[in-house]
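So the chains spell out like this:
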Amino acid sequence: MSKIKTLSPHVPYSEELGNFFKNQRQKSGLSQWEMAEALGYETAQVVSNWERGVQSPPFAKLTDVCKLLKVSPDAMIRKLLNVQQSIYTSSLKSSKKVSVGRRVATSSRRA
């Protein structure tokens, strides 16, 4: 399972989303530098960070990112919803594990 992070007010990040950005950028024939410059950044490191999961793009830049990557807003929204669903599912699984552990610990004290 991929490592999942949430960075606000940025797009939720997952390894899957980073790979999506990288693949779409490459398909669009853009270097990291060209993409960063077109988005108003002074260094390609910003785009590299998105692709590696160190940072995620801010929501305010998504329209421009879609245009540069030649991705429809609908496709981007579907991808983001899938990532958000993964985050939600992962957090539910984590909270259930903690709850089960607490119940076991509580019931063993009573015995």
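Residues numbered from 1 in each chain as written. Predicted model: local features only at pLDDT ≥ 70, side-chain atom pairs only at ≥ 80, totals over all residues. Heavy atoms only, no water.

Peer 1: What is the right way to look at the packing of aromatic side chains in this model?
Peer 2: Remark: the centre distance and the inter-plane angle together describe each pair of aromatic rings, the angle taken between the planes. Within this structure, the stated rule accounts for three aromatic pairs. Seen from their ring centres, F21 and W50 are 6.4 Å apart, and the 50° between their planes marks the pair as tilted. One end of the pair, F21, is in helix α1 (residues 15-27); the other, W50, is in helix α3 (residues 45-52), and 29 residues separate them in sequence. With respect to burial, F21 and W50 carry one shared label: buried. Considering the side-chain rings of Y41 and W50, the 5.9 Å spacing of their centres and the 85° angle between planes classify their relative orientation as edge-to-face. (Phe/Tyr/Trp six-rings, centres within 6.5 Å; stacked < 30°, edge-to-face > 60°. Helix = DSSP H or I, 4+ residues; strand = E, 2+ residues; numbered from the N terminus. Buried < 20%, exposed > 50% of the residue type's maximum accessible area, 1.4 Å probe, protein only.)

Peer 1: Could you clarify how one ought to interpret the pattern of salt bridges in this entry?
Peer 2: If the charged atoms of two oppositely charged side chains come close together, the side chains can form a pair. For the structure shown, the criterion picks out two salt bridges. Its salt-bridge partner being K79, residue E16 comes within 3.2 Å of it at the nearest N-O pair. Within this pair, whereas E16 is found in helix α1, its partner K79 is found in helix α5 (residues 73-110), the two being separated by 63 residues in sequence. Taking relative accessible area as the criterion, K79 reaches 18% and is therefore assigned buried. Here E51 ties to R25 by a salt bridge, and the two come within 2.5 Å at their closest N and O atoms. With E51 in helix α3 and R25 in helix α1, this residue pair connects regions lying 26 residues apart in the sequence. (Salt bridge = Lys/Arg side-chain N within 4 Å of Asp/Glu carboxyl O.)

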